Structure formats: structure tokens, C-alpha cells
Amino acid sequence: MNERIAKIKQELETLKAETLQQLEEFRVRIIGKKGSLTQLFDEFKTVAPEKKKELGKELNVLKNDVISKITELREHFTSNEITVNDIDLSLPGNQDLIGTRHPISVAKNEILDIFKRLGFTVADGPEIEDDWHVFSALNFPPEHPARDMQDTFFISKNAENEQNNVLLRTHTSSIQVRVMETQKPPIRVVCPGRVFRNEAISARAHCIFHQVEGLYIDENVSFADMKQTLLFFAREMFGEGTQIRLRPSFFPFTEPSAEMDVSCSICGGKGCSICKYTGWLEIMGCGMVDPNVLESCGIDSKKYTGYAFGMGVERMSMLKWQIKDLRLYFENDVRFLRQFNSVI
């Protein structure tokens, strides 16, 4: 038995398997069911009792050495199994699929970055609001159409006192009211957020959309200040050659009020199907904050003036990337979202 143990040790020391197949043949020959070392363990029970301790220890050490050697060589073969010669370098590589920001987030962040450079800070507020912050404080009279159930998602209504109504905010102007109630002028904030209106879903409208509204209140703030701020924004957002125009409009919370258009970046103002052959694209509403709004929020309208503006983020994104269907933003089709990998 000692001679057979010595022979196995010698074979283990001189083992030079060049392939996994040769290594497997060695394993079967030594520790397989009929292997030479396995047979020694079977014969161990016939060994004289006084020799079992020493011989048993030697057999166990030898078995562990064999297993360690086989494991070491197998790992070596596995790590070197694929070589450069085995790879077809002409094949296309495996592309890593990475996530991307949603186009709404991309457009919103770009808008906020522009106004941050002008000294505006970002304010936030709740999506579930009361009537006061959404309507009453913003100079909406009780009979205004925006209070109708067809436009607003009401959570609860109080017939005796409309200011106790609970609803999903229809614009982020409610954040502006909360800022005016808690901060003293000068105030310079932009208010991004998701808003809700009870509208039929189509390629041009949705019951959920996103807004960014701005507010600046200080002494001697003028309409000219607002115009210059919005001109700067338009050129940063759509290009240096962008022009703007302000058309008279009406909003309960601003006086005077205006709609702002930018020159169409697709046709250069010459007229195309995107701008309906006018050369202009409407992007936001704006105006000077109505004195009634200032007084409702505890700000002296004789000392302070201000301007406000608001834009739809989906609208800005559609103009910037020529997206024609609003519903694409909410379908989460990866084929659509992957187009924006290059703009994050």
C-alpha cells in the first residue's frame, strides 16, 4: 500500500495536463469510483489497527492534495478558455442599454437652469390644494369658468363656502401664493410642477401636464423688466436669433396681461405647418401681478409691483424637439425615450 501511495504522489507531482480532457482523465484515474486512491480507501479497513492512524492521515492528506491540484488546474483552464484568437473582432460589440431622463425632465431642468442664472430660486408646493390658493387669492371671481367642474378635478366641494373646496391644482400659481404669504419682497422664484385639468386626452391636450411659472416682486418692477427677462429666456432656450412678441390677453391675476410668442425656429419666421404659416409660436402667458393679488397675500401694492409668467413644459418640449403628439410623453415607450439619450 505504501508503494501505491508513493506512485500516486509521484504522478501528482509530475502532472502536466494540457487540456481539460486530460485533467478529467487524471481525476477519474485517481479519485473516480474505480480510481487508484479510491481503492486504497476501500482497502483501508483491512489494515492492522496499530497502522490505521498513521496510514489514514497520509491517505487524507494525499486526497486533499489531489483535489486541490485538480481545482487549481481547472480554474486555470477556465480563465484562459477564451483567447483573442477565439474572438471574431469583426463582429459588432454588445451595446450597454443605459437609462435616460424623460424629455419632460430634460426640458424642465433646462428651463430652471436658465432662470437660476438670473437669480431665481426654485419653490415647490402640494398638488392637492384648497380653493383659496388655486383661485380666490389669485383674483378669480366666484363665477369664473375655471371653477366649473368641467375644468377642475374636485376632491371635495363645499356649497356654503367655496374656499373650503379641496381639489387637484390646475396651475402652479398656487405655489406663488404660498410664497407670497410666507416671504417678504423681494421675491424671485420659479415654480415647477405637475397640474391637472379635466380635459379630453388627444394629441394636443391631456388631463395631466407640467408647468413652470415664475414670479418677481420688488420695488419699481416694470413691464419692461419682464419683457427683457423673457427675451433672454427665449434666446437661451431656442437660440440667439429668436425674436419675441407680446399680444394683449386677459388673466384674472395679472394686469396688464399678455401672451408671448417666439419666432418659429423651424422656418425662421417665414411660415410653415408647425407655426400654421404665421412665423410665430405661442409659448407662455405673462403680465404684471394684479394689485388685488398682492393685497390678498399681505403685500403692500402701493410699495411693491411685480410680474408673473407661466409656460407648459410639454409645449416647450414639443417645440424644441418637434414632437407632434402629447400622448407620447405618458406612454413610456422605450423607443421614444431612447431618442433623448444624447440630450441628458
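Residues numbered from 1 in each chain as written. Predicted model: local features only at pLDDT ≥ 70, side-chain atom pairs only at ≥ 80, totals over all residues. Heavy atoms only, no water.

Draft legend 1. Quick peek at the overall build of the protein. Across its full length, the protein holds 12 helices and 10 strands. In terms of C-alpha radius of gyration, the protein reaches 38 Å, well past the compact-globule figure of 20 Å for 344 residues. C-alpha atoms of the protein, sized along the principal axes, occupy 115 × 55 × 40 Å. Here the protein holds 344 residues, and the buried ones make up 41% of them. (Helix = DSSP H or I, 4+ residues; strand = E, 2+ residues; numbered from the N terminus. Rg over C-alpha atoms; globule rule 2.2 N^0.38 Å. Buried < 20%, exposed > 50% of the residue type's maximum accessible area, 1.4 Å probe, protein only.)

Draft legend 2. View of the packing of aromatic side chains. Scanning the model with the defined rule gives 12 aromatic pairs in all. Plain terms: the ring middles of Phe115 and Phe309 are 4.9 Å apart, the flat faces sit at 20° to each other, and that makes the pair stacked. Taken as a pair, Phe115 in helix α5 (residues 103-116) and Phe309 in strand β10 (residues 305-312) lie far apart in primary sequence, 194 residues in all. Residues Phe115 and Phe309 agree in their burial class; the two are buried. Ring geometry for Phe140 versus Phe253: centroids 5.9 Å apart, planes at 40°, classification tilted. Residue Phe140 is found in the loop between α6 (131-134) and β3 (154-156), and its partner Phe253 is found in the loop between β7 (244-251) and β8 (254-263); the two are separated by 113 residues along the sequence. Accessibility assignment for this pair places Phe140 and Phe253 in one class, buried. Above the plane of the ring of Tyr216 lies Arg188, whose end atom (NZ or CZ) is 4.3 Å from the centre. (Phe/Tyr/Trp six-rings, centres within 6.5 Å; stacked < 30°, edge-to-face > 60°. Lys NZ or Arg CZ within 6 Å of the ring centre and 35° of its normal.)

Draft legend 3. Representation of the sheet that holds β7 within the structure. The seven strands are arranged β1-β5-β6-β10-β9-β8-β7 in an open sheet whose pairing can be described as mixed. Two strands bound the open sheet, and with one partner strand each, they are β1 (121-122) and β7. In this fold helix α8 (residues 223-238) packs onto β7, β8, β9 (280-289) and β10, with an angle of close to 150° to the strand it touches most, β9. (Pairing = 2+ DSSP bridges. Contact = heavy atoms within 4.5 Å. Axes fitted to C-alpha atoms, helices over the stretch in contact; angles between N-to-C directions.)

Draft legend 4. The arrangement of empty space enclosed by the protein in detail. Under the defined criterion, the tally for this structure stands at one cavity of 30 Å³ or more. Approximately 50 Å³ is the volume attributed to the largest cavity. The biggest single contributor to the lining of the largest cavity is helix α7 (residues 173-182), with three residues. The residue makeup of the lining of the largest cavity, split by class, is seven nonpolar, three polar and no charged. (1 Å grid on protein atoms, 1.4 Å probe; cavity = no way out; pocket = protein on both sides within 12 Å on 5 of 7 lines; lining within 4 Å. Points joined across faces, edges and corners; volume = space filled by probe spheres on them. Nonpolar A, V, L, I, M, F, W, Y, C, P; charged D, E, K, R; others polar.)

Draft legend 5. Up close: the packing of helix α2 (residues 20-31) against helix α3 (residues 36-43). Where α2 contacts α3, the two axes come as close as 3 Å, and the packing angle between them is 15°. Overall, the two elements α2 and α3 adopt an arrangement that is roughly parallel. Of α3, the residues touching α2 (which contributes Arg29, Ile30 and Ile31) are Ser36, Leu37 and Thr38. Partitioned by chemical class, the residues of the contact of α2 with α3 number three nonpolar, two polar and one charged. (Parallel < 35°, antiparallel > 145°, perpendicular 65-115°, else oblique.)

Draft legend 6. Here's a closer look at the sheet that holds β3. Strand order across the open sheet formed by three strands is β2-β4-β3, with antiparallel pairing between neighbours. Unpaired on one side and paired on the other, β2 (128-130) and β3 mark the two borders of the sheet. Strand-to-strand, the axes of this sheet are offset by a mean angle of 35°, without reference to chain direction. Bridge count for β2 against strand β4 (residues 166-168) is three bridges, and the pairing is antiparallel. Bridging across to β4, Asp130 finds its partner in Val166.

Draft legend 7. Layout of unusual backbone geometry. The amide bond that connects Pro185 to the next residue, Pro186, takes the cis arrangement and shows omega of 5°. With respect to the element layout, Pro186 can be found in the loop between α7 and β5 (187-196). In the segment running from Glu255 into Pro256, the intervening peptide bond is cis, with an omega of 0°. Relative to the assigned elements, Pro256 resides in strand β8.

Draft legend 8. Inspection of the packing of α5 against helix α10 (residues 313-321) at higher detail. For the pair α5 and α10, the least separation of the axes is 9 Å and the interaxial angle reads 95°. In terms of their interaxial angle, α5 and α10 are classed as roughly perpendicular. The segment α5 lies against α10, with Pro103, Ile104, Val106, Ala107, Lys108, Glu110 and Ile111 engaging Val313, Glu314, Met316, Ser317, Lys320 and Trp321. Residue classes in the contact of α5 with α10 are distributed as eight nonpolar, one polar and four charged.

Draft legend 9. The arrangement of α2 in detail. Compared with an ideal rise of 1.5 Å per residue, which puts 12 residues at 16 Å, α2 spans 16 Å between its outermost C-alpha atoms and is within 8% of the ideal. For α2, the full list of buried residues reads Leu23, Phe26 and Ile30. Looking straight down α2, one finds that the buried residues subtend no more than 60° of arc, so they occupy a single side. (Expected span 1.5 Å × (residues − 1). Arc of directions from axis to C-beta.)

Draft legend 10. Structural view of the environment of Cys264. For Cys264, the location among the structural elements is in the loop between β8 and β9. Between the alpha carbons of Cys264 and Phe120 there is a distance of 27 Å; along the sequence they are 144 residues apart.

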